Amino acid sequence: MADGTAPPRFFLSSLDPGVGKTTALVHFVKALLRSEQHEGVAVLLCLSRLEEITRLVEDMGLNEADFAVLSSDEGMNGLSTTPPREARVLFTTHAMVKSRCKGRQFRTAEAFHFQGEVRSVPIWDEEMLPGEVVSLDTDQLASLRDPLRLSHPSLAGLIEGLESDLRAAGCGGSIAWPKVEEATGVTLFAAQRGLEPRHASYLDALYALSGRDVLLRKPHNAKTVISALDTRDAIPDDLAPVVVLDASGRVRETYAQWQRTTGKLVRLPSAKKSYRNLVVHVMDNASGKTAWNSNAAGLALEVARKIDSKPEEEWLVVYHKGANGGRIPEQIKGLLDTNPDRVRFLNWGKHQGTNDYRHIRNVILAGLINYRQTDYEMMARYYGGISSDQEAPKALISEIEAGEHRHHVLQALCRASVRQGSGAECGPCNAYIIAPKRSRVRSLLRKTFPGCEVRSWSPVKQKAPTGQVAKAIEIVKARFSENPDSPFMLLDLRDALGITDISNFKRRIREHKAFKSALEQMGVEEVTIGKGANKNALEMTWKGVALVEGPD
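Just so you know, these numbers come straight off a predicted model, no measurement behind them. (Residues numbered from 1 in each chain as written. Predicted model: local features only at pLDDT ≥ 70, side-chain atom pairs only at ≥ 80, totals over all residues. Heavy atoms only, no water.)

Asks: Could you clarify how one ought to interpret the nonpolar core in this entry?
Replies: Most often, soluble globular proteins have nonpolar side chains that are buried together. Formed by 36 residues in total, the largest nonpolar core has its most connected members in Phe10, Phe112, Trp124, Met128, Leu239, Tyr255 and Trp258. At the level of elements, strand E1 (10-13), strand E2 (43-47), strand E3 (67-70), helix H4 (94-100), strand E10 (242-245), helix H10 (253-262), helix H13 (373-384) and helix H14 (394-413) are the ones that each hand at least two residues to this core. No other element matches H13, which puts 4 residues into this core. Ignoring sequence-local partners within four residues, the contact set of Tyr255 consists of Leu12, Glu127, Met128, Val244, Asp246, Ser248, Gly249, Leu265 and Arg267. Counting residues in each nonpolar core, the second largest holds 33 residues, with Tyr275, Leu346, Val363 and Ala431 among its members. (Core = buried A, V, L, I, M, F, W, Y, C linked by side-chain atoms within 4.5 Å. Buried < 20%, exposed > 50% of the residue type's maximum accessible area, 1.4 Å probe, protein only. Helix = DSSP H or I, 4+ residues; strand = E, 2+ residues; numbered from the N terminus. Contact = heavy atoms within 4.5 Å.)

Here it is as structure tokens:
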């Protein structure tokens, strides 16, 4: 690419984490900047996380005159005063490239140019998805009516008509989407002006579907909502030639289909890595956001017990950020009998591109990422080259889904010590995954991590609480059933149990796992009432699923 002889292809390096993709990148940039034959050659580094820039600048030994940053973060842009178009090395983000190139060719995005010319060496770090799903449902359409009714009545009227058309058509077929700007005389830019971000994103989808035959589907568990679905290019073809550095290229079906249907993807030579030092323990249990919303106490207790089994070691827990009000880390730490400061938490969505946890040898995936089934179908259609008037093969949709699971599990586990080791072998690591049987995670693990050992992780059978603990649970349950809106003083609970010794009450009741688990499931927490520093009351701070009899 630096010599100008590479064909316009997407070159994929899918070396596993820890084998040396980033090291090769660092040394390439150093060598390029030293090369007298390549003085006018410039690099564009497209990253998924801004946090990586500071480390790469240091590792590459870049002077301020060598580089610039183009992002939406002014603080990060301020790392260098060199204008982006004058810097040999320009750091930017995936999102910035997609935003600046939406609906246009890469060569026209002058913000990424070097001295008026397209940069010769674009490098894309982490996943590249050239297509994206465009989705808009009837509820989202309905939410646009009021914000647009006064400013753009023609657009509001078109939206109202589309709602009716979608509901009349039902799901399973397709519908011809109107050319929105032509029908209303309103541009997307004008329509989005002054709207809150979510409404602006809905409008973006509305206009993106213009003039297309879009598929109609009913989202899972939805009774009245109908979604209009299609795909669009997210990355322009003329970004090529470009090098893509993505370990998931080995396991993700999107790349295989992209290569097969277009011929534009070229796989670079790879290297095998052994995962014989990785032991993965799998618990067959529902663990998505819905499961965490309904059974947070039980799942958190299992995770806490596993962490307590190695009280002197560090742990990393990957979890669903939006589940159960975002309280999963606090729930788990609250159930620990050992030091919670040795446990680190990383939510799904932040599980790629960071090396901060590579020293940790114990990692728990407290659930897996699941997309909507319609998303898997649309990905299969885009990468498989299947038009809206053709049936998408179920086998292909299944392979796309499996590839996405493998991708996320690979990335998440490789935040921990799995990514360490000699290069040919991974570092020693114990992983624990909670996932339902239908995820097929056991078979996926063996394909994703060749040579790893897969074991079962059995949930601990909990004995029904007895004695004073059972009585305490019943008292709390009755109290909040009658009066859920006011706190229950711990002193009153202690008096009701006839326990006079405070330390005995704390040890036998408040710190008992069965009692803490029951409070979790009831949505009850210990709080501080008054001016004191210590927690002295119970309070219902969120709506629990049920006021339970006790742990199962």
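Asks: What is the right way to look at the pattern of salt bridges in this model?
Replies: Using the criterion set out here, one finds 26 salt bridges in the structure. Note that Glu52 is salt-bridged to Arg55, the shortest N-O span being 2.4 Å. Of this pair, Glu52 and Arg55 both sit in helix H2 (residues 51-60), 3 residues apart, roughly one helical turn. Overall, the relative accessible area of 11% leaves Glu52 in the buried class. Here Arg212 ties to Asp230 by a salt bridge, and the two come within 3.3 Å at their closest N and O atoms. Within this pair, whereas Arg212 is found in the loop between helix H9 (197-208) and strand E8 (213-217), its partner Asp230 is found in strand E9 (residues 227-233), the two being separated by 18 residues in sequence. For Asp230, a relative accessible area of 15% translates into the label buried. Linked through salt bridges whose partners overlap, the residues forming this network are Arg49, Glu52, Arg55 and Asp59. (Salt bridge = Lys/Arg side-chain N within 4 Å of Asp/Glu carboxyl O.)

Asks: What is the right way to read the sheet that holds strand E6 (residues 131-137) from this model?
Replies: What links the strands of a sheet is backbone hydrogen bonding, and the strands pair in either a parallel or an antiparallel sense. One open sheet accounts for 4 strands, arranged E6-E9-E8-E7; its pairing is antiparallel. The open sheet has two free edges, formed respectively by E6 and strand E7 (174-176), since each of these has just one partner strand. Across the sheet, the mean angle from the axis of one strand to that of its neighbour is 35°, orientation sign disregarded. Relative to E8, E7 is paired through 3 bridges, and the arrangement is antiparallel. (Pairing = 2+ DSSP bridges. Axes fitted to C-alpha atoms, helices over the stretch in contact; angles between N-to-C directions.)

Asks: Would you explain a negative patch on the surface in this entry?
Replies: A cluster of acidic side chains, namely Glu51, Asp73, Glu74 and Asp356, defines a negative patch on the protein surface. Here Asp73 lies in the loop between E3 and helix H3 (74-77). (Patch = residues over 30% accessible without salt bridge, like charges linked within 9 Å, V, L, I, M, F, W, Y side chains within 5 Å. Areas by Shrake-Rupley, 256 points an atom, 1.4 Å probe, with all protein chains shown as cover. Lys, Arg positive; Asp, Glu negative; His and termini not counted. Charge placed at Lys NZ, Arg CZ, Asp CG, Glu CD.)

Asks: Would you mind going over the sheet that holds strand E14 (residues 343-347) with me for this structure?
Replies: Taken together, 6 strands build an open sheet; the order of strands is E14-E13-E15-E16-E12-E17 and the sheet is parallel. Strand pairing shows two members of the sheet lacking a second neighbour, E14 and strand E17 (453-456), which therefore form its edges. Direction aside, neighbouring strands of the sheet carry axes that sit 20° apart on average. Here strand E15 (residues 362-365) runs beside strand E16 (residues 429-435); their pairing, made up of 4 bridges, is parallel. Each residue of the ladder has a partner; that of Val363, found in E16, is Ala431.

Asks: Explain the pairing of strand E20 (residues 537-540) here, please?
Replies: Remember that side chains alternate between the two faces of the sheet whenever the strand is regular. Note that strand E18 (residues 488-489) and E20 share 2 bridges and pair antiparallel. Bridging across to E20, Met489 finds its partner in Ala537. Here strand E19 (residues 524-527) runs beside E20; their pairing, made up of 4 bridges, is antiparallel. Bridged to Val524 within E20 is Met540.

Asks: Which parts of the structure should I look at to understand the packing of aromatic side chains?
Replies: Aromatic ring pairs: the centre-centre distance and the angle between the two ring planes describe each pair. Considering all chains together, one arrives at 11 aromatic pairs under this definition. Joined through ring pairs, the aromatic side chains of Phe10, Tyr255 and Trp258 make up one cluster. Seen from the ring of Phe480, Arg479 lies directly overhead, with NZ or CZ sitting 5.5 Å from the centre. (Phe/Tyr/Trp six-rings, centres within 6.5 Å; stacked < 30°, edge-to-face > 60°. Lys NZ or Arg CZ within 6 Å of the ring centre and 35° of its normal.)

Asks: Even after reading the chapter, I still don't get helix H18 (residues 502-510), so can you show me in this structure?
Replies: Along H18, the residues that are buried comprise Asn504, Phe505, Ile509 and Arg510. The buried side chains of H18 occupy one side of the element, clustering within an arc of 160° when seen end-on. Turned more than 90 degrees away from the buried face of H18, the exposed residues are Ser503 and Arg507. (Arc of directions from axis to C-beta.)

Asks: Explain the side chain of Arg381 here, please?
Replies: The topology assignment puts Arg381 in helix H13. The exposure class assigned to Arg381 is buried, which follows from its relative accessible area of 6%. Only 2.8 Å separates the side chain of Arg381 from the backbone oxygen of Gln390, close enough to count as a polar contact. Each residue touching Arg381, except ones within four places of it in the same chain, is listed here: Leu215, Arg217, Ile386, Ser387, Ser388, Gln390, Glu391 and Ala392. (Polar contact = N/O pair within 3.5 Å; in protein donor to acceptor, adjacent residues only side chain to side chain.)

Asks: Please explain the pairing of E3 as it appears in this structure.
Replies: Neither face of E3 is left uncovered, since the one carrying Phe67 and Val69 and the one carrying Ala68 and Leu70 both have all their residues buried. Where E3 and strand E4 (residues 89-93) come together, 4 bridges link them in parallel fashion. In the strand pairing of E4, Val69 is matched with Phe91.

Function cannot be read off these values alone, since they describe shape.
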